[in-house]
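These are the residues of each chain, in order.
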Amino acid sequence: MRARYDTTRAAARPWLYGIAAHLIGKQRRKEVRGLRALARTGHDPVAAGWVDDTADRVADRAPLADALAALSAADRHVLLLVAWADLTYQDVAEALGIPVGTVRSRLNRARRKVRAALGADPAFVSDMAEVARP
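Residues numbered from 1 in each chain as written. Predicted model: local features only at pLDDT ≥ 70, side-chain atom pairs only at ≥ 80, totals over all residues. Heavy atoms only, no water.

Draft legend 1. Structural view of the side chain of Asp 75. Topologically, Asp 75 is positioned in helix α4 (residues 73–83). Judged by relative accessible area, which is 2%, Asp 75 ranks as buried. A polar atom in the side chain of Asp 75 sits 2.8 Å from the side chain of Arg 109. If sequence neighbours within four positions are ignored, Asp 75 has contacts with Arg 106, Arg 109, Ala 110 and Lys 113. (Helix = DSSP H or I, 4+ residues; strand = E, 2+ residues; numbered from the N terminus. Buried < 20%, exposed > 50% of the residue type's maximum accessible area, 1.4 Å probe, protein only. Polar contact = N/O pair within 3.5 Å; in protein donor to acceptor, adjacent residues only side chain to side chain. Contact = heavy atoms within 4.5 Å.)

Draft legend 2. Region of interest: a positive patch on the surface. The grouping of Lys 26, Arg 29, Lys 30 and Arg 33 at the surface amounts to a positive patch. Within the secondary structure layout, Arg 33 lies in helix α1 (residues 13–41). By relative accessible area, Arg 33 is classed as exposed at 55%. (Patch = residues over 30% accessible without salt bridge, like charges linked within 9 Å, V, L, I, M, F, W, Y side chains within 5 Å. Areas by Shrake-Rupley, 256 points an atom, 1.4 Å probe, with all protein chains shown as cover. Salt bridge = Lys/Arg side-chain N within 4 Å of Asp/Glu carboxyl O. Lys, Arg positive; Asp, Glu negative; His and termini not counted. Charge placed at Lys NZ, Arg CZ, Asp CG, Glu CD.)

Draft legend 3. A look at the packing of α4 against helix α6 (residues 100–117). Running from amino to carboxyl end, α4 crosses α6 at an angle of 90 degrees, the nearest separation of the two axes being 8 Å. Relative to α6, the element α4 lies roughly perpendicular. Between α4 and α6, the contacting residues are Ala 74, Asp 75, Val 78, Leu 79 and Val 82 on the first element and Val 103, Arg 106, Leu 107, Arg 109, Ala 110, Arg 111, Lys 113 and Val 114 on the second. In terms of residue class, the contact of α4 with α6 is built from eight nonpolar, no polar and five charged. (Axes fitted to C-alpha atoms, helices over the stretch in contact; angles between N-to-C directions. Parallel < 35°, antiparallel > 145°, perpendicular 65-115°, else oblique. Nonpolar A, V, L, I, M, F, W, Y, C, P; charged D, E, K, R; others polar.)

In structure tokens, the structure reads:
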């Protein structure tokens, strides 16, 4: 990559952000495909290696995977950064380059949609959080 950099450019930052944006988009598409596959099949190859009773837990995760796949990319990123990466709202805002208020609204919307998709059963949602966390 470095060899392809045009040294006549005034700054490298836009070029680097372009590379990062491309890689993030590629990863996002891979995640969406994986979540859709999990929702369809109920099989998570990553979880199969470290979950004791994989068959039961992975089958239970299919509704969660389906709900996550149905979210917009922006809402899903905020939700996963808060719920699974344990980032603060401020950290998420900095990571995504958005205001904290936008983080709050996206998180609220994502939580509401996931609850609705899972039937708004708080016990089920908390069980899914336990299973989903590494």
